[in-house]
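# Fold and geometry: a report
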Amino acid sequence: LGDVYKRQTYNIISTGSKGNAVVINGRILIDCGVPFKALEPVKKDLRLVLLTHIHSDHFNPRTARALSKERPALRWGCCEWMVGPLLEAGVDKRRVDVISPYNSDDAALYKGLAVVRPEFIPHNVPNCAWHIFDGKEHLFYATDTGTLEGIEAKSYDLYMIEANHTRADLEARMEAKRAAGEFSYEWAAAQNHLSKEQAEEWLYQQMGPNSQYIFLHQHQGKGG
């Protein structure tokens, strides 16, 4: 799936519980929770990989290892909690840029590419959203969080955020499982993933007249 918004491009390799990987402007990969072969069409142009959190549908160690081996000059941008997993996967520590998600002044400049800044968002493991400015346009990317309360991304050009479920669909799935005497994973999902209603409410507060948005990580069953 691909599209163009003004001059910024995105390519959703995969999204949801089966794996997450999105390419921005053909050169920035956000998350690598997919098999390495899924990156075959895009890997040669990548210059930067940004990571959010450790869950396997967002970070596949084998993919990270293969990508770093084939593209040794790649930069890897992450918060402190992803450093260990990256090194264990075989990524050269000299290629890893650790950026604080707690300081709005802490950002990384990748010349000719973008300025990127992580921001902490709550999940059941440490997780971050990404603010990306490519010199003309601002992008905000966030998945796997129960809330975006307190996050500011006013009048960005493009928002790529999670809309994991609607409240009505979630309640229906929970009721069906209760009636069948089955354990309901959906309750935990609701605590750690945005509903469509939550996403829309946050977007309404942030978007400008020319902003666009894309919903990611829609419900596909059990997963991170």
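First things first, this report covers the structure right here in the doc. This one's a predicted model, so the numbers in the text were calculated from it and none came from an experiment. (Residues numbered from 1 in each chain as written. Predicted model: local features only at pLDDT ≥ 70, side-chain atom pairs only at ≥ 80, totals over all residues. Heavy atoms only, no water.)

## Overview of the packing of aromatic side chains
By the definition in use, this model includes six aromatic pairs. When the centroid spacing of 5.1 Å and the interplanar angle of 35° are considered together, the rings of F140 and W202 count as tilted. In this pair, F140 is assigned in strand β11 (residues 138–142) and W202 in helix α5 (residues 196–206), connecting sequence segments 62 residues apart. We note that F140, like W202, is buried. Through a chain of ring-to-ring contacts, three or more aromatic side chains come together here, namely F140, Y156, Y159 and W202. (Phe/Tyr/Trp six-rings, centres within 6.5 Å; stacked < 30°, edge-to-face > 60°. Helix = DSSP H or I, 4+ residues; strand = E, 2+ residues; numbered from the N terminus. Buried < 20%, exposed > 50% of the residue type's maximum accessible area, 1.4 Å probe, protein only.)

## Here we look at the sheet that holds strand β8 (residues 108–110)
If you walk across this open sheet you meet the six strands as β8-β9-β10-β11-β12-β13, and the pairing is mixed. The sheet terminates laterally at β8 and β13 (212–216), the two strands that pair on one side only. Strand-to-strand twist across the sheet, computed as the mean angle between neighbouring axes with direction ignored, equals 15°. Alignment of strand β12 (residues 158–162) against β13, held across five bridges, turns out to be parallel. Paired with Y159 across the bridge in β13 is Y213. Its contacts with the sheet put α5 on β11, β12 and β13, and the angle it makes with β12 is roughly 155°. (Pairing = 2+ DSSP bridges. Axes fitted to C-alpha atoms, helices over the stretch in contact; angles between N-to-C directions. Contact = heavy atoms within 4.5 Å.)

## A short note on α5
Those residues of α5 lying buried are A199, W202, L203 and Q206. Projected onto a plane normal to the axis of α5, the buried residues spread over an arc of 100° and lie on a single side. Considering only its buried residues, α5 is in contact with β11, β12 and β13. (Arc of directions from axis to C-beta.)

## Re unusual backbone geometry
The backbone of N25 sits at a positive phi, close to 55°, despite the residue not being glycine. With respect to the helices and strands, the residue N25 is situated in the loop between β3 (21–24) and β4 (28–30).

## So, the side chain of S68
Along the chain, the position of S68 falls in helix α1 (residues 61–70). Relative accessible area serves as the criterion here: at 13%, S68 is assigned to the buried category. At a separation of 2.9 Å, a polar atom in the side chain of S68 contacts the main-chain carbonyl oxygen of R65. The residues touching S68, leaving out its near neighbours within four places in the chain, are W76, G90 and V91. (Polar contact = N/O pair within 3.5 Å; in protein donor to acceptor, adjacent residues only side chain to side chain.)

These figures capture arrangement, not role.
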